[in-house]
Amino acid sequence: NSKKILKDTNIKMGGGANIDLLYSLIKNLKFNNIIETGVAYGWSSLSILSALENVKNAKLISIDMPYPNLASVKYIGCLVPKNLKYKWQLIRKSDRSALKNILENNNFNLCHYDSDKSYYGRKWAYNLIWNNLEKKGVLISDDISDNMAFLDFAKFVKVKPIIIKFNSKYIGLIFK
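Below or above, wherever it landed, is the structure these notes cover.

Cut-offs used in this document
- Residues numbered from 1 in each chain as written.
- Predicted model: local features only at pLDDT ≥ 70, side-chain atom pairs only at ≥ 80, totals over all residues.
- Heavy atoms only, no water.
- Helix = DSSP H or I, 4+ residues; strand = E, 2+ residues; numbered from the N terminus.
- Buried < 20%, exposed > 50% of the residue type's maximum accessible area, 1.4 Å probe, protein only.
- Pairing = 2+ DSSP bridges.

### A closer look at unusual backbone geometry
And then number 1: One non-glycine residue, Ala40, adopts positive backbone phi at about 50°.
And then number 2: Looking at the secondary structure, you find Ala40 in the loop between β1 (33–37) and α3 (43–52).
And then number 3: Relative accessible area serves as the criterion here: at 7%, Ala40 is assigned to the buried category.
And then number 4: Located in the positive-phi region is Lys136, a residue other than glycine, with phi close to 70°.
And then number 5: Mapped onto the elements of the fold, Lys136 is located in strand β5 (residues 133–141).
And then number 6: With relative accessibility at 65%, the residue Lys136 sits in the exposed group.

### Digging into the pairing of strand β7 (residues 169–175)
And then number 1: One ladder, built from 4 bridges, connects β5 with β7; its direction is antiparallel. Within the sheet, the bridge partner assigned to Ser141 lies in β7 and is Gly172.
And then number 2: Note: strand β6 (residues 162–166) against β7, 5 bridges, orientation antiparallel. Across the sheet, Lys165 pairs through a bridge with Tyr170, a residue of β7.
And then number 3: The hairpin formed by β6 and β7 contains 2 residues between the paired strands, and Asn167 there has a positive phi angle of roughly 55°.

This is the structure:
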């Protein structure tokens, strides 16, 4: 079904995250209250929701906005099947307009960050997320080799980062 969905669209959105890593972290560390920024087609959302499928009171809140000048709004999260959507809230807004509001009312034990890739966008979001991340929670950030924001933030909060090479990119993790 996912191959058909992707074949039927000419719109190029972001690629898939390390879905095996996300799934394993959630299953093994029992994360159940998760936020992600950056959804695109929804590979990471699908992985997270699959890991949460039989977990009571688990939820995923995802934020992503349509790509400018593309008819992409209907494709955001399109890989997530109906049977997994009951634990999912998809917010189609930018980080700047949605993140503060969500974090005011929720604490999370896992954040998968894969949206604004700019240095200042990341630093702004990491700080908000970190302040609302539960003790022993984890912040995962994709594409950290784009700039020094993740490493600078890890140094700022005095946490040694874990860096994982995935394909030709790097993923960073810090545990609170």
